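Coordinate inspection notes
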Amino acid sequence: MKTTNTADTGAKGRQAWRRRGFIFAFLAPTVIAFTVFYLYPIITVVLTSFCKWDYTNITSPEFLGFKDMFNNYKYIFSTYPYFWEALRNSSLWAFLGVFLQIPVATLIALAFSRKMRGVKLVRNIYIIPNMISSAAMGMIFLQLYSPLYGIVNPIIQVFEEGFTENILLLKGPAFWALTGAYIFFTGTTTLLILGNIMAVPQEVREAAMLDGASGLKQDWYIVLPMIKDTLRTVSILAATGSFLIYNEVYFLTKGAAGTYSISYIIRELAITSPRTQFGRANTVAVVQILAGLVIIVLVNLLYSISFRRKHGSGEGGRK
Amino acid sequence: MKRRWISGVLTVAMGAALLAGCGEKPAEQTGTGTGAEGGAAVEGTETASTPAAESGEVLEFYHGYYHDESEWPAAKVMRDIYDEFASAHADGPVTFKPIAVEDRDQIVSVQVAGGNFPDMVDCGTPLPQAAISQGLVYDLKPFIDENNLQDAVGINYTQNDVDGHIYTVHDQVESRGIWYNKAVLEKAGVTAEDLTTWEGFGSAMESVRGLGDGTYGYAAGQGSLFMLNAMLASSEEGKALLGSELTVDAIESEAFAEAFKKTAEFDQANGSDHTTEDVGNLMADFNTSGTAAVLFNGVWNASGIDAGLADSIEPAIFPGNVSLSTAGAGLSVANGMSEEKTQLALEFIEYMTSAEVQAKIFTGVQANPCNTTLDLNKLAEESGDPITMKLADACAQVNAAETIVVNLNSVWGADVGNAIINALMESAVSGTDIDERFELLKQELTALIG
């Protein structure tokens, strides 16, 4: 009896080890790739932000010393002329990503989910602009905004006769012109949301219909809460993507009229500057990474609070 | 059992593929460089069965002439020049391999950041200081001196001298003056003579705007930086500023303030609707449709002039008898390559600056050659091409200007240049307080050089 128990335990132990072995084997490529391609660069970026690293010592960054270790941060926060402008713009774009891009994408996805004639064709047409690179889009919008040939100035002239300025050079309008060049291209996001809307079980919709919920009420009370995890994910993607905007700035304004972005100034410091200021560029990159984390936390918090409230009111209704 | 057998076969196959992949020897050994890192590359002459290929030594040469002939014929001319050299050295110990890429400067930046340098590259932007400070680039001066190539490399010999070393030789000189449309000026009651002073230039542009038929003065923005550059050269103080890196004193100087404000005033009068950070965006207005009176561009603009406007468009230099002429960065060689590879690279530089190749660059590429021994007018006459004659005229005027200064970007850096362009573009918006914007620019520049 004892022998059988020992044999059983041994077999179970081997099985457990084999299972663990499998788990490790399958996880290993991801862990290795993450460590090499993500973790290592992030650690390097953080460490070198405390280093003097420019054209004078490009292959051997030097630690600034404990006394001066924040020199790069001091320069970026208090001296570098475009940092705060870039941080403000990038943060605002992240905000607009969540509060403008996602609602637009959701509304379009809801519209596409309706069974209407020609909806498939419209859906395919809607996706086409998303296959164009943001660089090419930048060039297209450069033409649209051209005061000589574009279509934007004639529209403005309807309201303001004799308007001839280049809107990409006007502080304020230039920011919104840049925003307009990317924010409405929500094809991928719309498809993700649409896929989840289509996955909402028909029985649930039918039950709602029996309870007297119309189309819009169904969307509000049934569909949106059921796809909230997808909405949360696409919101994080939209916010972080908007925070990282680079191509639009590069092709449309090169930072003129108060349109610098965080990604753009990293390039300015690391590449455009003849002094190849990698240390300072990485300081901005650290801010970018931290901001990305903050964005993820805020979006999660936003969804937790808003859907908890909605869930709470729903419970109240049932009582 | 069967499943295990299949898994085993697959594992062995994958392992074999991996080993084969790892074991594959690279086709060539590059000097200190590691080959192209990103970017589409069009390879030049293939000489696979030559002795050079057998020995495995390859001199990779990155250049930016990737364009299709239909897009830019000059690119094909340059590629042919490179290929001729490659063919002539096909039997040598080293294979010369020209590689056309869109992002040669990106390749340089990435490699320099990693402590490497491509075997040889025709740089499009100034050579990174990091490349020089790390000793990654070969000093060409001893070779130039030993072979008496001073006249062949021309302006490179003085402008690209860094503390007694020459790290780069540009086979084409970046020469800028102005191009004007004679017909437009005549219609506005202006003569070319009026463009010889800045005051006259301002009045001329006003007259052009007065035509009221959609014709405008000039493409501002990037073009305005050249204007500011030339204005700085109009005074001794300004000229001195262009001789060294930007300093706080230079930012606070009278000459800089005057040049910026005057340029900004011209730009504001010209209008923000004719302002662009890339002059290429509005070049067609001048070269093709003839709706712009003046274009601040290099002598190479000759090749872009539409045949229908060839009789109207003429070259000139900046008001005040000033031209911008910069050797700039060009052919640069990696340090620490094998003797054979270095020898071939140096031979290539001698070839590119030779009178024969330089003549092709002038007539075929329509650029200002660096070799000072060429008689450009004679070459233009021999070609019989009216556009080449205009190019010869433009080169002659630029080379003979009373004051010749370098491009501001090459001394003060592209980040400074961008900041000034942005400030000028914002000043072009009507109602912008130029003094206020200038004060802001001073703060930006002071911070940038900090």
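Residues numbered from 1 in each chain as written. Chains lettered and ligands numbered in written order. Predicted model: local features only at pLDDT ≥ 70, side-chain atom pairs only at ≥ 80, totals over all residues. Heavy atoms only, no water.

A word on the overall build of chain B
Looking only at helices and strands, chain B has 22 helices and 16 strands in total. Taken as a whole, chain B presents about 18,500 Å² of accessible surface, with 51% of it coming from carbon and sulfur. (Helix = DSSP H or I, 4+ residues; strand = E, 2+ residues; numbered from the N terminus. Areas by Shrake-Rupley, 256 points an atom, 1.4 Å probe, with all protein chains shown as cover.)

Some points on the packing of helix α3 (residues 83-113) of chain A against helix α11 (residues 228-243) of chain A
The relative placement of two packed helices comes down to the angle between their axes together with the axis-to-axis distance. Residues and elements named next belong to chain A. Interhelical geometry of α3 versus α11 gives an angle of 145° and a closest axis separation of 7 Å. Relative to α11, the crossing made by α3 is right-handed. In this structure, α3 uses Leu87, Ser90, Ser91, Trp93, Ala94, Gly97, Val98, Gln101, Ile102 and Thr106 to contact α11, whose residues at the interface are Leu231, Val234, Ser235, Ala238, Ala239, Ser242 and Phe243. (Axes fitted to C-alpha atoms, helices over the stretch in contact; angles between N-to-C directions. Left-handed = near helix turned anticlockwise from the far one by under 90°. Contact = heavy atoms within 4.5 Å.)

Let's talk about the packing of aromatic side chains
We describe a pair of aromatic rings using the distance from one ring centre to the other and the angle between the two ring planes. All names here are of chain A. Scanning the model with the defined rule gives 45 aromatic pairs over all chains in all. The rings of Tyr75, Tyr80, Tyr82, Tyr246, Tyr250, Phe251, Tyr260 and Tyr264 are connected pair by pair, giving a single aromatic cluster. Between lysine 254 and the ring centre of tyrosine 250, over which it is positioned, the NZ or CZ distance is 4.3 Å. A cation sits over an aromatic face here: arginine 280 above tyrosine 75, 3.5 Å from the ring centre. (Phe/Tyr/Trp six-rings, centres within 6.5 Å; stacked < 30°, edge-to-face > 60°. Lys NZ or Arg CZ within 6 Å of the ring centre and 35° of its normal.)

With respect to the environment of isoleucine 245 of chain A
Residue and element names in this part refer to chain A. Take isoleucine 245: it is sitting in the loop between α11 and α12 (247-252). Residue class for isoleucine 245 comes out buried when judged on its relative accessible area of 6%. Considering only alpha carbons, one finds isoleucine 245 and serine 261, 16 residues apart in sequence, at a separation of 6.7 Å. Look past the residues within four positions of isoleucine 245 in its chain and what remains in contact with it is Trp93, Tyr182, Ser261 and Ser263. (Buried < 20%, exposed > 50% of the residue type's maximum accessible area, 1.4 Å probe, protein only.)

Here we look at the side chain of asparagine 287 of chain B
With respect to the helices and strands, asparagine 287 of chain B occurs in helix α15 (residues 283-287). Ignoring anything within four residues of it in the chain, the contact list for asparagine 287 of chain B reads Leu295, Asn301, Gly304, Ile305, Asp306, Leu309 and Ile313 of chain B.

Some points on the pairing of strand β3 (residues 95-101) of chain B
Residues and elements named next belong to chain B. Summarising burial for β3: seven of the seven residues are buried, a large majority. Burial of the side chains of β3 extends over both faces: Thr95, Lys97, Ile99 and Val101 are buried on one face and Phe96, Pro98 and Ala100 on the other. Once you follow strand β2 (residues 58-63) into helix α3 (residues 73-88) and on to β3, the crossover reads as right-handed. (Right-handed = clockwise from strand over helix to strand, strands pointing away.)

Side note on the domain arrangement of chain B
Residue and element names in this part refer to chain B. Here chain B is described as being made up of domain 1 (41-169 + 328-369) and domain 2 (175-326 + 393-448). Centre-to-centre separation of domain 1 and domain 2, based on C-alpha positions: 32 Å. Tallying the contact residues gives eight residues for domain 1 and twelve residues for domain 2. Both faces combined, the contact of domain 1 with domain 2 buries some 740 Å², and carbon together with sulfur accounts for 52% of it. Applying the counting criterion to the domain 1 and domain 2 interface returns zero salt bridges. Partitioning the side of domain 1 that touches domain 2 into residue classes produces three nonpolar, five polar and no charged. (Domains from an automatic or database assignment. Buried area = accessible area lost by both parts, 1.4 Å probe. Salt bridge = Lys/Arg side-chain N within 4 Å of Asp/Glu carboxyl O. Nonpolar A, V, L, I, M, F, W, Y, C, P; charged D, E, K, R; others polar.)

Section: the confidence of the model for chain B
Residue and element names in this part refer to chain B. This prediction gives chain B a mean pLDDT of 88; 88% of its residues lie at or above 70. Within the model, the stretch residues 21-40 combines pLDDT values under 50 with 41 contacts to residues more than four positions away or in other chains. Note on residues 42-50: pLDDT is under 50 here. Beyond four places in sequence and across chains, it has 19 contacts. Predicted as a complex, the structure gets a pTM of 0.81 and an ipTM equal to 0.78. (pLDDT = per-residue confidence, 0-100.)

Digging into the pattern of salt bridges
Considering all chains together, one arrives at 20 salt bridges over all chains under this definition. Residue arginine 114 of chain A pairs with aspartate 219 of chain A through a salt bridge whose shortest N-O separation is 2.6 Å. Here arginine 114 of chain A is found in the loop between α3 and α4 (119-127), whereas its partner aspartate 219 of chain A is found in helix α10 (residues 215-226), with 105 residues between them in sequence. Residues lysine 442 of chain B and glutamate 252 of chain B are paired through a salt bridge, measuring 3.1 Å at the closest nitrogen-oxygen approach. Here lysine 442 of chain B is found in helix α22 (residues 434-448), whereas its partner glutamate 252 of chain B is found in helix α13 (residues 248-252), with 190 residues between them in sequence. Here the salt bridges share partners, and the residues they tie into one network are Lys182, Glu314 and Lys390 of chain B.

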